[in-house]
Amino acid sequence: MIEFIARRLLLLVPVLLLVSVISFSIIYISPGDTAENSIMNPGGGVDRKAVEEFRAKTGLDEPVHIQYINWMGRVLRGDLGESYMTGVGVSEAIFRCFKVTLKLAVVSMLVSLVIALPLGIISALKKGTVIDDVCRFFALAGVSMPNFWQAYLLIIVFALTLKVLPSSGYGDGGITYLFLPAVTLGTGYAAVTMRLMRSSMIDVLQQDYVRAARAKGVPEHMVIFRHALKNSLIPVVTVAGLNFGYLLNGSVIVETIFSWPGIGNLIVSSILSKDYPMIQGCVLFIAVIFVLVNFAVDISYAYLNPRIRYENKN
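Thresholds, definitions, all that
Residues numbered from 1 in each chain as written. Predicted model: local features only at pLDDT ≥ 70, side-chain atom pairs only at ≥ 80, totals over all residues. Heavy atoms only, no water. UniProt positions renumbered as here; feature names shortened; annotations may be inferred. Helix = DSSP H or I, 4+ residues; strand = E, 2+ residues; numbered from the N terminus. Buried < 20%, exposed > 50% of the residue type's maximum accessible area, 1.4 Å probe, protein only. Contact = heavy atoms within 4.5 Å. Polar contact = N/O pair within 3.5 Å; in protein donor to acceptor, adjacent residues only side chain to side chain. Arc of directions from axis to C-beta. 1 Å grid on protein atoms, 1.4 Å probe; cavity = no way out; pocket = protein on both sides within 12 Å on 5 of 7 lines; lining within 4 Å. Points joined across faces, edges and corners; volume = space filled by probe spheres on them. Salt bridge = Lys/Arg side-chain N within 4 Å of Asp/Glu carboxyl O. Axes fitted to C-alpha atoms, helices over the stretch in contact; angles between N-to-C directions. Parallel < 35°, antiparallel > 145°, perpendicular 65-115°, else oblique. Left-handed = near helix turned anticlockwise from the far one by under 90°. Nonpolar A, V, L, I, M, F, W, Y, C, P; charged D, E, K, R; others polar.

- The name recorded for the protein in an unreviewed UniProt entry is Oligopeptide transport system permease protein OppB, from Methanosarcina mazei S-6.
- Listed in UniProt under the heading Subcellular location (unreviewed entry), the comment for the protein reads: "Cell membrane".
- Under the Sequence similarities (unreviewed entry) heading, UniProt states for the protein: "Belongs to the binding-protein-dependent transport system permease family. OppBC subfamily."

Things to note about unusual backbone geometry
Then, number 1: Even without being glycine, Lys-163 reaches a positive phi, approximately 55°.
Then, number 2: Tracing the backbone shows Lys-163 in the loop between helix H7 (147-161) and helix H8 (175-205).
Then, number 3: Residue classification places Lys-163 among the exposed residues on the basis of a relative accessible area of 64%.
Then, number 4: Of note, the phi angle at Ser-259 is positive, near 50°, even though the residue is not glycine.
Then, number 5: In this fold, Ser-259 is placed in the loop between helix H11 (252-257) and helix H12 (263-272).
Then, number 6: Owing to a relative accessible area of 41%, Ser-259 belongs among the partly exposed residues under this scheme.

Considerations on the environment of Arg-7
Then, number 1: Checked against the element boundaries, Arg-7 lands in helix H1 (residues 2-29).
Then, number 2: The class for Arg-7 is partly exposed, based on a relative accessible area of 27%.
Then, number 3: For Arg-7 and Ser-167, which are 160 residues apart along the polypeptide, the C-alpha to C-alpha distance reads 47 Å.

Quick word on the environment of Met-278
Then, number 1: Turning to its location among the elements, Met-278 is positioned in helix H13 (residues 276-304).
Then, number 2: Using a relative accessible area of 5% as the deciding quantity, one classes Met-278 as buried.
Then, number 3: Each C-alpha atom of the pair Met-278 and Ile-267 lies 7.8 Å from the other, and the pair is eleven residues apart in sequence.
Then, number 4: The contacts of Met-278, once residues within four sequence positions are left out, are Ser-83, Val-90, Ala-93, Leu-266 and Ser-270.

A few points about the side chain of Gln-67
Then, number 1: Along the chain, the position of Gln-67 falls in helix H4 (residues 64-76).
Then, number 2: You can call Gln-67 buried: its relative accessible area is 8%.
Then, number 3: A distance of 3.3 Å separates a polar atom in the side chain of Gln-67 from the backbone oxygen of Leu-60.
Then, number 4: Not counting the four nearest positions on each side in its chain, Gln-67 is found in contact with Phe-24, Tyr-28, Gly-59, Leu-60 and Glu-62.

Side note on H12
Then, number 1: Turning to H12, its buried residues number three or more, namely Ile-263, Gly-264, Leu-266, Ile-267 and Ser-270. Taken end-on, H12 shows its buried residues confined to a sector of 160°, consistent with a single buried face.

A word on the UniProt feature "transmembrane region" (unreviewed entry) in the protein
Then, number 1: The sites that UniProt annotates as "transmembrane region" (unreviewed entry) are residues 9-30, 104-125, 137-162, 174-192, 233-258 and 278-304.
Then, number 2: Overall, residues 9-30 shows 95% helix and 0% strand. The separation of its end C-alpha atoms is 32 Å.
Then, number 3: Helix makes up 88% of residues 137-162 and strand makes up 0%, while its end C-alpha atoms are separated by 26 Å.

Some points on the layout of surface pockets
Then, number 1: Put simply, the largest pocket is a space of about 470 Å³.
Then, number 2: Around the largest pocket, the lining comprises 20 residues; the ones closest to its centre are Thr-58, Arg-74, Glu-82, Tyr-84 and Pro-277.
Then, number 3: Broken down by secondary-structure element, the contributors of at least two residues to the lining of the largest pocket are H1, helix H3 (48-58), H4 and H13.
Then, number 4: No other element matches the four residues that H4 contributes to the lining of the largest pocket.

Brief notes about the pattern of salt bridges
Between side chains of opposite charge, a pair can form as their charged atoms come close.
Then, number 1: For the structure shown, the criterion picks out six salt bridges.
Then, number 2: For Glu-52, the salt bridge is made with Arg-55, and the minimal N-O distance between the two is 3.0 Å. In this pair, Glu-52 and Arg-55 are both assigned in helix H3, three residues apart and thus about one turn of the helix distant.
Then, number 3: Asp-132 is paired through a salt bridge with Arg-198; the nearest N and O atoms lie 2.9 Å apart. Of this pair, Asp-132 sits in helix H6 (residues 130-144) while Arg-198 sits in helix H8, and the two are 66 residues apart along the sequence. With respect to burial, Asp-132 and Arg-198 carry one shared label: buried.

Points about the packing of helix H5 (residues 90-125) against helix H10 (residues 220-248)
Then, number 1: With their axes 10 Å apart at the nearest point, H5 and H10 run at an angle of 150° to one another. With respect to H10, the element H5 is oriented roughly antiparallel. Between H5 and H10 the crossing geometry is right-handed. Contacts between H5 and H10 involve Phe-98, Thr-101, Leu-102, Ala-105, Val-106, Ser-108, Met-109, Leu-113, Leu-117, Ile-121 and Leu-125 from the first element and Ile-224, Leu-229, Leu-233, Val-236, Ala-240, Asn-243, Phe-244, Leu-247 and Leu-248 from the second.
Then, number 2: Tallied by class, residues from the contact of H5 with H10 come to 17 nonpolar, three polar and no charged.

Following this line, the structure appears as structure tokens:
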């Protein structure tokens, strides 16, 4: 297992290096001149002298490879630069928003798993019955319903009609402000996870070792929870891990609708204001988070399915 983890860690190095190059290149692949876009006055004009001073101050007048080396040096020290618009440290702004997004992601993931796993298992065990049809209908509805539409439905019902929850905002960060965005995100991901849990469980229940356990007279609950559940979770863990990665990266639409001050909102405001250091920092941070989440999924996958470790070893 240690060798497997070490090999996976080594594979992360070129991936992270490529991610850093892409993040840094945002300045050069975006339309227009970075310095002119950053100090352009409301009328659309620019002061040439101010542009040159801005380039000298931010290092944009140096060769590209020197700019990349300097930027990487700061990144390795945890310094992602300062916002062109507010002067606030990029790292400080990202971590402040990430804490908010992390709270929403964890609660949304819990909502997703609490709904998906029991319904997926019940649907598989009751395959072909009315219960199975009802569960599949809810899964289909969840997959088909866009997040923004579901968000507005929840706002209309709980905030405008029943008046029991706030329609948007962060407030004190309590459950009343967290409930609607978490349910919107959680139910969407629950539909996908439940369908996967059902199909995986049905496949495992048809395996010979499960039939053998039943033939030996093993109680049905032990067959399900001890023999079938662990193996049926293997594909579910992969998808749940990827879903968690997406949640940690901030859901732009849901955070915007509910005015949730997370990473998604920060990215939108940075793009609209052409705040390049903030965009670079957000892209790099999100990519690193996604790589680390995938690494954690690989480790959990190898734990649940030992054949993965042996195949990689051979």
